[in-house]
Amino acid sequence: MGERRQERKQRARIKWKNSIYILLVLLVVGGGLGIYAYQNFLPKNYFKNVATAVRPTTASEVKPKSGVFNVLIMGTDQRPEDPAGHSDSMILIHMDIDKKQYNAVSIPRDSRVYLKGYGYTKLTSAQYIVQADNNSLDKGVKAAAQAVSDFTGVPINYYAETTYWGLRDIIDTLGGVDVDVPYNVEITHSWIPQNAGKVVKAGTQHLDGTMALEVARERHAIADGEFGRQQLQEKVLLGVAKSVLKPQNIIKLPQFVQELPKVITSTNMTQKDVLSLALALKDFKSKQLQYHQLPGEYKTAYDDILQNYNDEYIVDQDKIKQLVSQYFS
């Protein structure tokens, strides 16, 4: 008798959960479209033939594979008073939503890239120089995406950039996020003066938007420097993803989608893209994501834009080809 009661409760929970997603779709696209719209928004149907936004300059068009695409997430350090921003953090994700397998690689901001019309420079400068020259944020962000595509050899289907302030607001709207902090993190590179010197202890910590981003930006007090910061960024983003997909936050998703223009400064993703992607990730588990480091080393190199020598991260082209072939093709 007890077992039957438990089974009924379990079925009720599943039914409730599925109903929330159906209701979510209907709320966003309008009830008049009904079940037909819901079927179209199912990820297995929606992501059948995803267009390529940018591809390596020397590569030919890649034939789309159902349910497989690449997403570039960028964070900018641009403040409201700044004329242009630098791409401060970048994560490239290969998504296979049918197999529920995801591979991510963080792109060091100091990576040496070739920017058409300008020459060799750091990746972080690509957005700034193109944005400033054209007085266009969208052109600057797309130039950064093109630079990533060119030196990794990976076509990019979707790209999106957010400011730290935008991501902070998302986290605060969620009521904070649980972050699996891998080691003690002292905040030395703080944007908020009162946070300087604070230490976030290792372990699962519930952080508000400001502290989550202080952790994600720290690199000076970390043994692995830039690569340590990439690991922290991954932990914060995983915390955000898990929080968004909690049952109590799912019903807020239509609100999040409507608010995206205030949070995402530049993207080629539509609200429909975001909604279907949320449906694809509703059962996301951390073990489905593999994180990789971009192989290479820091060397002193001449920067054609700054017209001086500085430390730049030189990607090992042979190793990156192996990584791309194994995890991003």
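Before reading further, recall that the structure is shown in the block above.
Okay, so let's go over this structure.

**Description of the packing of helix α6 (residues 164–173) against helix α7 (residues 209–217)**
So, step 1. As a packed pair, α6 and α7 sit with axes 8 Å apart at the nearest point and diverge in direction by 130°. The angle between α6 and α7 falls in the class oblique. You can see that α6 and α7 cross each other, and the crossing is right-handed. Residues Y164, L167, R168, I171 and D172 of α6 touch α7, and the partners they reach there are G209, T210, A212, L213 and R217.

**Remarks on the nonpolar core**
So, step 1. Among the nonpolar cores identified, the biggest contains 25 residues, and L72, L92, I107, L123 and I156 are the most heavily contacted of them.
So, step 2. For this core, the secondary structure elements donating two or more residues are β1 (68–76), β2 (87–96), β3 (101–107), α5 (137–152), β14 (308–315) and α12 (317–327).
So, step 3. The greatest single-element share of this core, amounting to six residues, is contributed by α5.
So, step 4. What L123 contacts, discounting residues up to four positions off in sequence, is M90, I107, P108, R109, S111, V113, A144, A147, V148 and F151.
So, step 5. If you look at the next biggest cluster of nonpolar residues, it comprises 21 residues, including V179, V200, L213 and V215.

**Looking at the pattern of salt bridges**
So, step 1. Across all of its chains, the model carries six salt bridges by this definition.
So, step 2. The salt bridge involving R109 is made with D110; its shortest N-O contact spans 3.9 Å.
So, step 3. Overall, the relative accessible area of 13% leaves R109 in the buried class.
So, step 4. Judged by its relative accessible area of 9%, D110 falls in the buried class.

**So, the sheet that holds strand β6 (residues 158–163)**
So, step 1. An order of β11-β6-β1-β2-β3-β12 is seen for the six strands of this open sheet, with the pairing classed as mixed. The sheet terminates laterally at β11 (264–267) and β12 (289–293), the two strands that pair on one side only. Going from strand to strand, the sheet's axes swing by 20° on average, the running direction of each strand aside.
So, step 2. The sheet strands contacting helix α4 (residues 123–134) are β1, β2, β3 and β6, and the helix crosses β2 at an angle near 105°.

Cut-off values and rules
Here the residue numbering is sequential within each chain, running from 1 through the sequence in written order. Side-chain atom pairs in this predicted model are given and counted only at pLDDT of 80 or more, local residue features only at pLDDT of at least 70, and totals for whole chains, interfaces and linings cover all residues. Calculation of side-chain values draws on the structure's entire complement of heavy atoms; hydrogens and water are dropped beforehand. Here the axes come from fitting lines to C-alpha atoms, over the contacting stretch only for helices, and the angles between their N-to-C directions go from 0 to 180 degrees. A run of H or I in DSSP becomes a helix once it reaches four residues, and a run of E becomes a strand once it reaches two; helices and strands are each numbered from the N terminus. Roughly parallel here means an angle under 35 degrees, roughly antiparallel means over 145, roughly perpendicular means 65 to 115, and every remaining angle is called oblique. Definitions for this section: a left-handed crossing has its near helix turned counterclockwise from the far helix by less than a right angle. A right-handed crossing has that turn clockwise. Working rule for contacts: check all heavy atoms of both residues, and any pair within 4.5 Å makes them a contact. Among buried residues, the Ala, Val, Leu, Ile, Met, Phe, Trp, Tyr and Cys ones that are joined through side-chain atoms within 4.5 Å form a nonpolar core. Summary of the burial criterion: residues with accessible area below 20% of their type's maximum are buried, those above 50% are exposed, and those between are partly exposed, where the area comes from a 1.4 Å probe applied to protein chains only. Within this document, salt bridges are pairs made up of a side-chain nitrogen of Lys or Arg and a carboxyl oxygen of Asp or Glu, the two lying within 4 Å of each other. Here, any two strands with at least 2 DSSP bridges between them count as paired.

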